Each structure stands twice: as structure tokens, then as C-alpha cells.
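Observations on the three-dimensional arrangement
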Amino acid sequence: MSQNPLAMYAPERQQIIIDHARDKGRVEVGALAEMLRVTPETVRRDLTALERRGLLRRVHGGALPVDRLGVEPSLERRMTRAHEEKMRIAARALEELPDGGTILLDSGSTTVALAQALPADSDLTVVTNSVAIASLLYERADTSLVILGGPVRRRTGAAVGSWGRAALEDIYVDVAFLGANGLDVERGFTTPHGIEADTKRSFIRAARRAVVVADSSKAGVVSFHRFARTDEVDLLITDARLDDETAEQFDGAGVDVARV
């Protein structure tokens with residue numbers, strides 16, 4: 001940053017906040033105050049001003065860009081966000097793999113990271129509705145791959161609809177790993193598109209354990225369609241930026257939380 005933040009006008013400072021929010025998916029008051037070398041009160045005023053303009057939505061401890069709330073981002077766009085956090089989440093998720101068992105991998109950027117992290121000599125059976133994950137695992141001789149069929153949504157690369165749901169009615173797996181666009185203690189786990197939510201519900205019904213893998217920028221976000229209540233998810237694996245209060249609330253609601 002070439003310009004001294006202390007000498008900036010409020011619109012210049014607010015533009016930096018907007019750009020940072022869109023790049024990272026979330027901004028936090030403390031981190032912004034340190035980055036901009038202003039007081040937390042100044043940051044809160046900036047966030048309030050941006051919320052009034054419809055550019056951000058305030059959440060506990062920070063804000064979210066509005067484009068995260070109303071428009072479903074493409075898989076390619078999500079893959080570029082919080083990349084390091086997603087790799088750490090994927091590494092932690094490996095601890096939940098059953099020996100020689102069967103897992104479901106939902107379509108999403110964090111589940112793609114998990115597929116990339118699977119050991120090369122894994123003897124797992126992997127069931128997925130993700131075109132990206134299927135292409136990653138196809139060449140692995142030690143991994144049994146089962147692809148769920150149905151129409152493919154190009155925005156997410158997920159096969160959805162009645163074909164896949166019907167197949168899931170006849171199988172039972174050890175662990176389902178699911179992505180989420182929103183995590184909220186009261187409203188549960190959400191996604192923008194109804195047919196994707198239906199598929200995720202089928203994943204949960206077909207699994208002994210349900211594990212949500214999602215970075216902390218999803219906390220406080222409530223998308224249009226809920227696919228799971230908190231009592232339907234066994235474990236949330238997220239990054240260390242999830243605040244203590246939210247983690248304790250999920251824990252109190254019966255969801256184990258792993259922060260990495």
C-alpha cells in the first residue's frame with residue numbers, strides 16, 4: 001500500500017475494504033484496523049457506511065461482501081478463495097477417513113482440496129457427484145470410484161436431481177463430506193440452489209456421519225436453502241479464524257468443531 005492510510009479520505013479507505021472483502025470473502029474489524037492503521041471504531045464506521053450503500057453486510061466481528069450473499073459463485077472462483085485455509089481443512093479431514101471404508105464427497109472447492117489430499121495408495125471407495133473430483137480420482141488405481149449421475153450444473157460442476165438421489169437411497173457409507181455456502185448456528189447449513197440442497201440432504205441420509213468442510217468466511221452467512229440443521233451434522237472442520245464465540249455456539253448445539 002503506497003499511500004499512508006492515515007492520510008486517506010474515507011472513500012479511499014472504504015474502497016480498499018471492499019476490494020479486500022471481495023478477494024478474501026470476509027473482512028474482520030481487528031485485521032482491517034491493523035492493516036489500515038486506524039482505530040477499530042473507524043473501521044466500524046466504514047463498514048456501517050458500506051452496508052448502507054448495499055456493498056457489505058455486517059456480521060459478528062466483521063462483514064461479508066454482498067456478492068457472496070445473493071449470487072452463487074462458480075467453482076473456479078471459489079477455488080481461488082481462502083486456498084491455504086482449504087488445504088489445512090483438507091489435511092484435517094484426512095483424519096476422519098475410515099480404513100478401507102466408503103466416503104461421499106460433495107461437489108465444492110473444499111471437497112476438491114480433500115480429493116487432492118487423499119493418499120495415493122488409499123483403498124477407499126469414493127462416491128461423488130462432482131465432475132472435478134471424478135476427474136481427479138479416475139487415474140488412481142487403488143481408489144474405487146462411484147459417480148452419481150444426473151444433470152450437471154455448470155456453475156458448480158455437480159450432478160444433481162432425481163437420478164443421483166435415487167442411487168443414494170440404496171447405499172450406506174461411513175462418512176459424507178459436504179461443502180456449504182453458509183454456516184449459522186440458528187439457521188444451520190445452507191446453499192443458494194434448491195436442487196443442490198436436495199442432493200446434500202440425500203448425502204446426509206446415506207451416511208453414518210456427516211462432516212461439513214468449510215472455511216470461516218462462511219460463518220454468519222445464510223443462503224436461501226438449508227440442507228442440514230445443526231443436529232444433523234456431526235463435525236465442522238474449518239480454519240482457525242473462526243471466532244471462539246461461534247465455535248462455542250456450534251459446540252453447544254451438538255456440532256463438534258475442529259479449527260485448523
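Throughout, residues of each chain are indexed from 1 in the direction in which the sequence is written. Per-residue local features of the predicted model are confined to residues with pLDDT of at least 70, and side-chain atom pairs are confined, for both listing and counting, to 80 or more; whole-chain, interface and lining totals are unaffected and use all residues. Where side-chain values are given, they derive from all heavy atoms of the structure, hydrogens and water being excluded.

An unreviewed UniProt entry lists the protein under the name Lactose phosphotransferase system repressor, from Serinibacter salmoneus. The Function (unreviewed entry) comment attached to the protein in UniProt states, word for word, "Repressor of the lactose catabolism operon. Galactose-6-phosphate is the inducer." UniProt positions are given in the numbering used here, feature names are shortened, and annotations may be inferred rather than shown by experiment.

1. A look at the pattern of salt bridges
For this document, the term salt bridge refers to a Lys or Arg side-chain nitrogen within 4 Å of an Asp or Glu carboxyl oxygen. For the structure on display, the rule yields 15 salt bridges. The salt bridge partner of Glu 28 is Arg 241, with a shortest N-O separation of 3.8 Å. Of the two residues, Glu 28 sits in strand E1 (residues 27-28) while Arg 241 sits in the loop between strand E14 (235-238) and helix H11 (244-252), which places them 213 residues apart along the sequence. Relative accessible area serves as the criterion here: at 22%, Glu 28 is assigned to the partly exposed category. Across the pair Arg 44 and Glu 41 runs a salt bridge, and its minimum N-O distance is 3.9 Å. Placement of both Arg 44 and Glu 41 in helix H3 (residues 40-52) is noted, with a separation of 3 residues, approximately one turn of the helix. Since its relative accessible area comes to 45%, Glu 41 is described here as partly exposed. A single network of salt bridges, built from pairs that share partners, joins Arg 92, Glu 95, Glu 96 and Arg 209. What counts as a helix is a DSSP run of H or I of at least four residues, what counts as a strand is a run of E of at least two, and both are numbered from the N terminus. Between buried and exposed lies partly exposed: a residue is buried under 20% and exposed over 50% of the maximum accessible area for its type, with that area taken using a 1.4 Å probe on protein chains only.

2. Considering the environment of Tyr 9
With respect to the element layout, Tyr 9 can be found in the segment before helix H1 (10-24). Its relative accessible area of 63% is what places Tyr 9 among the exposed residues. For the pair Tyr 9 and Tyr 138, spaced 129 residues apart in the sequence, the C-alpha separation amounts to 54 Å.

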